[in-house]
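# Observations on the three-dimensional arrangement
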Amino acid sequence: MTSTPPSGETGSSSVQNTQTAQRAGGRGLRRRTLRKILGATAAVVLAGGLGGGIALWGQYQGIIADLPTVEGLRSYQPPVMSRLYAQDDQLVAELANERRIFVPYNAIPDRVKNAFIAAEDQKFWTHNGVDPAAILRAGLTDLTRGKGRRPIGASTITQQVARIMLLGTNAVSFRRKAKEAFLAMRVEQVLPKEKILEIYLNEIYLGNGAYGIGAAAQTYFNKPLDQLDDAEAAFLGALPKSPTNYNPERFPDAARGRRNWVLERMADIGALTPEAARTAAAEPLNTRAFVRPGPAPGSEWFAEQVRRELIDRYGQDMTMQGGLDVHTSLDLPLQRAAQGILRQGLLAYDRAHRGWQGAVKTLPGIGPDTPQADWTKALAAQEPPAGIVDQWRLAVVLDAAKGRVGWLENSVVRRAPPSPTAGTDAAAPAGAAQEALLLARDLTWARRSHPLHNGDVVMVEPQATGGRAALMQVPLVEGAVVTLDAHTGRVLALVGGWSFQASQFNRATQALRQPGSSFKPFVYLTAMEQGISPSQEFEDSPVSYGTWHPNNYEKDFWGPTTLHDALRESRNLVTIRLAAHIGMKAVSDMAIKLGLVDTMPQVLPAALGAVETTVLKEAAAYATLASGGRRITPTLIDDVQDRQGRVLWRASSGLTLAALPEPSDVQGDEAASADKAQADAAAAAVSPVIAPAAVPSAQPTLLSPESLPMVRDDRPRVATEQSAFQVTTMLQDVIRRGTGVLAGQGIDVPVAGKTGTSQNFNDAWFAGYTPDTVTVVWIGFDTPQSLGRNETGGAIAGPIWNKVMKVALTGQPRLDFPVPPGIMLVRYDTGRGVAVDAFKDGQIPGESLYLADGSRELTAADTGAENMPDSESDMAATGTLSGAPSGASEGAGGGAEGAGHPAQPASGGDIGMGGLY
């Protein structure tokens, strides 16, 4: 029998079953939903990962494809400054965009290597280019530092090399850091650790213009790298993080703290013992100021001209960072003397013609009772004017009535130690206050035009004795001096103006000026080449060519005059007639062959110097006379060597030592046998197996003149040796008793020379030479204007030439001008005194031949009359002759001298375009 549960129980069970089924279905639904969500999430993650991976792969490929090659680091050559040396190998100047002294790895002291490794990359020797732990540490630190602050770097030394050498950028970006890391790993595969460290230590910028550890050791401690102690090495290691923030002059506490931190890190890596680190940390941070060498005082004009020539030859990069060693012909003592002598001459002219121009400015409230602290503070704030020289000081007038002035010692930065004779203040410390009384003559000079007042800021030069100071002002007149070797053209001294700091325009090489009568010797050289004798007479009388009415400086006429007398006294009319006779084409050709000009108008005024040239070119032309008619090319550079010492270029003077002559054929076997016996004896003398007693004694060999070494002269010949000597002989009399007497005073060796003064007295020249040395001096204004009536080359430039040549001739042997073959020296009466002249074979001393006067057939085209101004006063604004070269100096005229001649030119009348005297 089957029992049936009650109906109530049956319903309850059905409900329970239904609920159970519903719960099971709900769980299944949730599981299905969860699976769907997880599936979707996984799909998204997979898709995102795949997309991200593809994107990252694309970024990686882009970064890798854009990476520079690292192979160039194998042949790493850092930019290294070039150096210029004087002829005695004294350092003259450094040329550099980045001041770097390369130090190879083996020469770097271990303490220096360890200091940088401890501060910058302690795992340098073990990592493969990047330090993951350092990157993670830096990333966590950056997250806690907040926004707006520069991230902390984690670059290894290898990464820094990659950034500096290959990327060339310091931009903060993930892409740059990624490139840096990839490159670092490549660098590690290509280069050994030692090479990587060498590149890093020589490339890194360490502040104050110093690139690399070699320059930094010199800049901060004024000592070579191998003389640094632990504390000094640690300070250099402290600089890469921020050379500016750890500058020991501006932030000494921060610099000392960073240095001590590096010392601690050096102890951590075992490079120092803790005791040594503490001892070094206790040392004061004493840096010594380093004055960057060059240009050596006085050499600025020369060094700058050399720099220009190097850039023209090798380009900017090679010149400034190619590590060139440039040996020059500069004679530093002569250069400094020439600059000082030129300045003295310019100051003397300025004081005589210009007068005192007044104070630089006036400081209110300065007087006799002003406390020293007040006037020194006010004076220290003033900028020195352009053109002030190192020996001068910017001073303030403390008591105008007494002429008492005060200044701060070394207010003008010196680039060399002061001379012990520079003044009583020479040993005073920088910034020390000094006082003195102005010289009485200077007070009188000032009162004539601009009396001094209390508080006036003036320039003074402290005197050596007496507690006095000289009142100074920068002259407006300028000048130039060139001295060179007459045989080789090596430039020994070159001064381009008053002050290189005020104006770098080089008046010795860049200014085109009219040489005036200093051009005349080359007209006479052309005449000598045509066989005309020094005793040949030409008419010194009035002559007119159309509208051109040339005249002599003195406005007098001598009648028939020998060429000797005409050149000695610089007679214009004789020179014009001579040029007309020999032809201006011949004169022009001679000037071009000499290198005096590039082109020249073939008109008569050019024979009086109405052309343009430079001081350096004129010096080379006069050297041609001194060297017997051989063309001389001036050079400032002897040789150029690269960083390995290989000679890249060497100047050629045209003079070479010829090989010893071979034995003549007539000696035959006898000579050969003798040579063999002599060679056997020499071999026996050095053989270790033969006793000294067994060595046959060598007989002395007598050399005949034919067996002596010969000098081969490949210099181009411009004129014959005989013609050049004839002009030299006449120019010697110019200095003995002609227009150049002031230039020759006190010089007891044979010298020859010529004065030159251009039209309207715009240019004053003196050019002269000995058998070995040539010097040319020019004086004038940058914008051509008259130096003043009767201010001739003999009066202004001659005395300066005299002083420069006395310095150049010091210690030199006394040499006569060599008399060439085929020349006869004869003393005779020229009609205006007894003179000595040189005559060629076939010429009769003292005789003047009849020469047809072709000058009367000249036309306007021969004289340039179509370009002539109507009077001398019109010439200053007319410029040069048509066809003459133009340049920095423009003005009319040629030459006119009057040194030692009191004659005054009459007013009015036409001197004519060309020479004055």
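Residues numbered from 1 in each chain as written. Predicted model: local features only at pLDDT ≥ 70, side-chain atom pairs only at ≥ 80, totals over all residues. Heavy atoms only, no water.

Another point: the overall build of the protein chain. The helix and strand tally for the protein chain stands at 25 helices and 24 strands. Counting only residues that meet the buried cut, the protein chain has 49% of its 917 residues in that class. Looking at the protein chain alone, contacts between residues at least 24 apart form 73% of all its contacts between residues at least 6 apart. Accessible area for the protein chain stands at about 42100 Å²; split by element, carbon and sulfur atoms hold 54% of it. (Helix = DSSP H or I, 4+ residues; strand = E, 2+ residues; numbered from the N terminus. Buried < 20%, exposed > 50% of the residue type's maximum accessible area, 1.4 Å probe, protein only. Contact = heavy atoms within 4.5 Å. Areas by Shrake-Rupley, 256 points an atom, 1.4 Å probe, with all protein chains shown as cover.)

All right, on to the environment of Asp-598 then. Note on placement: Asp-598 falls in the loop between helix H19 (584-594) and helix H20 (615-626). Once residues within four sequence positions are removed from consideration, Asp-598 is found in contact with Ile-592 and Lys-617.

With that settled, consider the pairing of strand S10 (residues 456-462). Most of S10 sits inside the fold, with 6 of its 7 residues counted as buried. Relative to S10, strand S6 (residues 361-362) runs antiparallel, the two being bridged by 2 bridges. If you follow Thr-362 over to S10, its bridge partner there is Asp-456. Where strand S7 (residues 393-399) lies against S10, 4 bridges are found, and the strand directions are antiparallel. Within the sheet, the bridge partner assigned to Arg-393 lies in S10 and is Val-460. As paired strands, S10 and strand S11 (residues 468-472) are joined by 4 bridges and run antiparallel to one another. Counterpart to Val-460 in the pairing with S11 is Leu-471. Linking two consecutive strands that pair antiparallel, namely S10 and S11, is a turn of 5 residues; a positive phi of about 85° is found at Gly-466 within it. (Pairing = 2+ DSSP bridges.)

One pass over the full model with this rule turns up 38 salt bridges. Via salt bridges that share partners, Asp-565, Arg-568, Glu-569, Asp-733, Arg-736 and Arg-737 belong to a single interconnected network. (Salt bridge = Lys/Arg side-chain N within 4 Å of Asp/Glu carboxyl O.)

A few words on the packing of helix H2 (residues 110-120) against helix H8 (residues 230-238). Interhelical geometry of H2 versus H8 gives an angle of 40° and a closest axis separation of 8 Å. Taken together, H2 and H8 sit at an angle that is classed as oblique. Between H2 and H8 lies a crossing of right-handed hand. Contact with H2, carried on its side by Arg-111, Val-112, Ala-115, Phe-116, Ala-119 and Glu-120, involves Asp-230, Ala-233, Ala-234, Leu-236 and Gly-237 of H8 and no other residues of that element. In terms of residue class, the contact of H2 with H8 is built from 7 nonpolar, 1 polar and 3 charged. (Axes fitted to C-alpha atoms, helices over the stretch in contact; angles between N-to-C directions. Parallel < 35°, antiparallel > 145°, perpendicular 65-115°, else oblique. Left-handed = near helix turned anticlockwise from the far one by under 90°. Nonpolar A, V, L, I, M, F, W, Y, C, P; charged D, E, K, R; others polar.)

When you line up the elements, Thr-729 lands in helix H22 (residues 721-737). Assessed through its relative accessible area of 4%, Thr-729 is described here as buried. In contact with Thr-729, other than residues within four places in its own chain, are Leu-825, Val-836, Asp-837 and Ala-838.

This next bit is on the sheet that holds strand S1 (residues 82-85). Judged by pairing direction, the sheet is mixed, and its 5 strands sit side by side in the order S2-S1-S5-S16-S17 without closing on themselves. Two strands lie at the open edges of the sheet, namely strand S2 (91-95) and strand S17 (647-650), each paired on one side alone. Taken over all neighbouring pairs, the strand axes of this sheet differ in orientation by 15° on average, direction set aside. When strand S5 (residues 325-328) meets strand S16 (residues 637-641), the two strands line up antiparallel, connected through 4 bridges. Across the sheet, Thr-328 pairs through a bridge with Ile-637, a residue of S16. Set on the sheet, helix H11 (residues 300-314) makes contact with S1, S2, S5, S16 and S17; between it and S16 the angle comes to about 50°.

As a further point, take unusual backbone geometry. One non-glycine residue with positive phi stands out, namely Asn-222, at about 55°. Mapping Asn-222 onto the fold places it in the loop between helix H7 (212-221) and H8. For Asn-760, which is not glycine, the phi torsion reads 65° and is therefore positive.

This part is about H22. Over its 17 residues, H22 extends 25 Å from the first C-alpha to the last, a length consistent with the 24 Å expected when each residue adds 1.5 Å. With respect to burial, H22 is a largely interior element, 13 of its 17 residues being buried. (Expected span 1.5 Å × (residues − 1).)

Quick look at the environment of Val-640 now. Along the polypeptide, Val-640 turns up in strand S16. Residue classification places Val-640 among the buried residues on the basis of a relative accessible area of 0%. In contact with Val-640, other than residues within four places in its own chain, are Leu-310, Tyr-314, Leu-324, Asp-325, Val-326, Arg-646, Val-647, Leu-648 and Trp-649.

The next subject is the packing of aromatic side chains. Per the stated rule, a full pass over the model turns up 16 aromatic pairs. On the numbers, 4.7 Å between centres and 50° between planes, the contact of Tyr-205 with Tyr-211 is tilted. Residue class for Tyr-211 comes out partly exposed when judged on its relative accessible area of 21%. Through successive ring pairs, a cluster of aromatic residues spans Phe-519, Phe-522, Tyr-622, Tyr-769 and Phe-817. Sitting above the plane of the Trp-445 ring, Arg-351 keeps its charged end 3.7 Å from the centroid. Here the guanidinium or amino end of Arg-571 rests over the ring plane of Trp-558, the centre of that ring lying 4.0 Å away. (Phe/Tyr/Trp six-rings, centres within 6.5 Å; stacked < 30°, edge-to-face > 60°. Lys NZ or Arg CZ within 6 Å of the ring centre and 35° of its normal.)

If you trace the backbone, Gln-335 turns up in helix H13 (residues 332-353). C-alpha separation for the pair Gln-335 and Ser-299, spaced 36 residues apart in sequence, amounts to 6.7 Å. Those residues within four positions of Gln-335 in sequence are excluded, and the remaining contacts are Gly-298, Ser-299, Phe-302, Leu-330, Leu-492, Ala-493, Leu-494 and Val-495.

Turning to the sheet that holds strand S22 (residues 773-780), a few remarks are in order. Here we have 5 strands laid out as an open sheet, ordered S13-S12-S22-S21-S20, and antiparallel in their pairing. Where the open sheet ends on each side, the last strands, each with one partner, are strand S13 (491-495) and strand S20 (752-757). Strand-to-strand twist in this sheet, taken as the mean axis angle between neighbours without regard to direction, amounts to 5°.

It is worth spelling out the side chain of Arg-259 at this point. Residue placement: Arg-259 occurs in helix H9 (residues 252-268). No salt bridge forms around the buried Arg-259; measuring N to O, its nearest opposite-charge neighbour Glu-283 is 5.3 Å away. Setting aside residues no more than four positions away along its own chain, Arg-259 makes contact with Ala-231, Ala-234, Phe-235, Ala-238, Ala-280, Ala-281, Glu-283, Pro-284 and Leu-285. (Lys, Arg positive; Asp, Glu negative; His and termini not counted.)

On the surface, a cluster of positive charge is made up of Arg-30, Arg-31, Arg-32, Arg-35 and Lys-36. On the secondary structure map, Arg-32 appears in helix H1 (residues 7-65). Relative accessible area serves as the criterion here: at 41%, Arg-32 is assigned to the partly exposed category. (Patch = residues over 30% accessible without salt bridge, like charges linked within 9 Å, V, L, I, M, F, W, Y side chains within 5 Å. Charge placed at Lys NZ, Arg CZ, Asp CG, Glu CD.)

For the rest of this paragraph, the subject is the packing of H13 against helix H24 (residues 793-809). At their nearest, the axes of H13 and H24 sit 10 Å apart, and the two run at 160° to each other. Here H13 lies roughly antiparallel to H24, going by the angle between them. Considering the relative orientation of H13 and H24, their crossing is right-handed. Two secondary-structure elements touch here, H13 through Leu-334, Ala-337, Ala-338, Ile-341, Leu-342, Gln-344, Gly-345 and Tyr-349 and H24 through Ile-796, Ile-800, Lys-803, Val-804, Val-807 and Ala-808. When its residues are assigned to classes, the contact of H13 with H24 shows 11 nonpolar, 2 polar and 1 charged.

To continue, consider the pairing of S22. Judged by how many residues are buried, S22 sits mostly within the fold: 8 of 8 residues are covered. Here S22 shows two buried faces, one formed by Thr-773, Thr-775, Val-777 and Ile-779 and the other by Val-774, Val-776, Trp-778 and Gly-780. Note: strand S12 (residues 478-485) against S22, 8 bridges, orientation antiparallel. What sits directly across from Asp-485, in S22, is Thr-773. When strand S21 (residues 763-769) meets S22, the two strands line up antiparallel, connected through 7 bridges. Its bridge partner being in S22, Asp-763 is matched across the sheet by Gly-780. Between S21 and S22, which follow one another and run antiparallel, lie 3 residues.

Here we come to the confidence of the model for the protein chain. Detailed reading of the predicted coordinates is not advisable wherever pLDDT is low. With 75% of its residues at a pLDDT of 70 or more, the protein chain shows a mean pLDDT of 82. Contacts from residues 413-428, a stretch scored under 50 in pLDDT, to residues over four places away or in other chains number 27 contacts. (pLDDT = per-residue confidence, 0-100.)

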